[in-house]
Each structure stands twice: as C-alpha cells, then as structure tokens.
Amino acid sequence: MTQELVLASGSEIRAHLLRAAAVPFRIDPVRVDEESLRLSLAAEEASPRDVADTLAETKALRGAQKTPDALVLGCDQVLATGREVLGKPASPEEARDQLRALRGERHHLYSAAVIYEDGEPVWRHVGVARLTMRAFSDTYLEDYLDRNWESVRHSVGGYKLEEEGVRLFSRIEGDHFTILGLPLLELLAYLTTRGIIES
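Residues numbered from 1 in each chain as written. Predicted model: local features only at pLDDT ≥ 70, side-chain atom pairs only at ≥ 80, totals over all residues. Heavy atoms only, no water.

Visitor: Give a detailed account of the environment of Val32, specifying residues and quantitative values.
Guide: Structurally, the position occupied by Val32 is in the loop between strand E2 (26–27) and helix H2 (34–43). For Val32, a relative accessible area of 17% translates into the label buried. Measuring from C-alpha to C-alpha, the distance between Val32 and Glu162 comes to 26 Å, with 130 residues separating the pair along the chain. Not counting the four nearest positions on each side in its chain, Val32 is found in contact with Leu37, Thr58, Lys59 and Arg62. (Helix = DSSP H or I, 4+ residues; strand = E, 2+ residues; numbered from the N terminus. Buried < 20%, exposed > 50% of the residue type's maximum accessible area, 1.4 Å probe, protein only. Contact = heavy atoms within 4.5 Å.)

Visitor: Let's hear about unusual backbone geometry: which residues, and what values?
Guide: A positive phi angle, close to 60°, is found at Ala22, a residue other than glycine. Despite not being glycine, Asp118 has its phi angle at roughly 50°, a positive value. Following the sequence through the fold, Asp118 ends up in the loop between strand E5 (106–117) and strand E6 (120–133). Given a relative accessible area of 57%, Asp118 falls into the exposed group.

Visitor: Would you mind going over the layout of surface pockets in detail, with residue names and values included?
Guide: Computed from the structure, the largest pocket encloses a volume of approximately 1,100 Å³. Forming the walls of the largest pocket are 37 residues, and the residues nearest its centre are Ser11, Arg14, Lys88, His154 and Ser155. A class-by-class count of the residues in the lining of the largest pocket yields 13 nonpolar, ten polar and 14 charged. A volume near 170 Å³ is recorded for the second largest pocket. Considering the residues around the second largest pocket, the lining is formed by Glu35, Arg38, Leu39, Ala42, Glu45, Ala46, Val51, Arg83, Val85 and Gly87. A breakdown of the residues in the lining of the second largest pocket according to their chemical character gives five nonpolar, one polar and four charged. (1 Å grid on protein atoms, 1.4 Å probe; cavity = no way out; pocket = protein on both sides within 12 Å on 5 of 7 lines; lining within 4 Å. Points joined across faces, edges and corners; volume = space filled by probe spheres on them. Nonpolar A, V, L, I, M, F, W, Y, C, P; charged D, E, K, R; others polar.)

Visitor: Residue-level account of the UniProt feature "active site" (unreviewed entry) in the chain, with values.
Guide: The positions UniProt marks with the feature "active site" (unreviewed entry) are Asp76. Of note, Asp76 is situated in strand E3 (residues 71–81). Residue classification places Asp76 among the buried residues on the basis of a relative accessible area of 4%. With near-sequence residues (within four places) excluded, Asp76 lies in contact with Arg14, Glu34, Arg38, Ala52, Leu55, Ala56, Lys59, Tyr110, Ser111 and Ala112. At 2.6 Å, the side chain of Asp76 forms a polar contact with the side chain of Lys59. (UniProt positions renumbered as here; feature names shortened; annotations may be inferred. Polar contact = N/O pair within 3.5 Å; in protein donor to acceptor, adjacent residues only side chain to side chain.)

As structure tokens, then:
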C-alpha cells in the first residue's frame, strides 16, 4: 500500500495544484501562530528564505504529530522587499499600504515546502520568484481593491497573479507554481522517487 500524503494546509490553491496534477492526498490543516513566529524570526534577523522554510517546517511538524505514519506536507510563502517580510494584509487599508510600497519596485516571493515522515523532515525545497510591479495609478489601486479584496485578503502582498492581480505587474521572473505558493515540480519529482505517484 502506498504511503498516504497529507497536506497540512487549508490553502485552496495548493490543494487545487495537487489535484490538477493527479496527486493522491488528503487535507488536514494545522494551526500555527504565523505572526508570532514571523516576529520571533525577525528578531533573530532570519532571512526571508529561512522565514518561509521555518513556517513550512513548523506546519509539517504539527501535522506529523497528528498523523505520524503519513508523509506530511507543510507549505508557506513569504513576500520580501530586501530583508523585510510582508504578511497577509489584515484590512483593505493595509493591503493599500502594501501595494503602494511595492508599486514600481521589485520584490521576491519565497515558496517553501517541507515533508515530515516519522517525526523527521525528509524533504524540503524553497523556490524563489522575482516580480516587478508597474507604476499603477491610485485610481486603479482603489478600484482594484474594491473589486478584489474578498479574494486577495488571504494573499501576501494583496494580489493573486492568477486573477486580476496580474495587471499590477510589468515583469515576472520565476516558476509559475512557486508564484502560486507551491514548488510543484520539485515536489512531484520527490513524490515520484517515493512511489507516491507513478514514474
């Protein structure tokens, strides 16, 4: 019998990506105080890449404690401008502030995935994408948030590239799946070696 893969996340886009790739898995979300963990890591001057990796590992570990016999996948994504890490906007006003700060600038998305098995991490990957926002107008910004707040409220940076958020950008460098929040190609390669999916 093939070992079970558990996604320790309630992310709709990550579940969609796995389903679309015909990966057998089940969802069992875990609760992690991401904001406290981010603040602690910031106090330690952790790099944005390490923040994403630590958040993903924490979720995988929590999930593995609930389902020790499974392969448990924890994921997280952070947006960084330099060494500053932005979280999910708590309000339309915070989203407006984030988007104004990102306007006309380049930022990075770090998408981390960690798999735990038998209480230990057995695989990890952090993908990075570089994105440049165009100098959009304040009028467009207000209209964009009016139309899209309910959809982007759970997205770092206040945008989704798979939706109207793509209009905010002038240049995108990096893997499409990493931008969506899951380094899918690298994950599929690992799952193939483990026999979770056919080679």
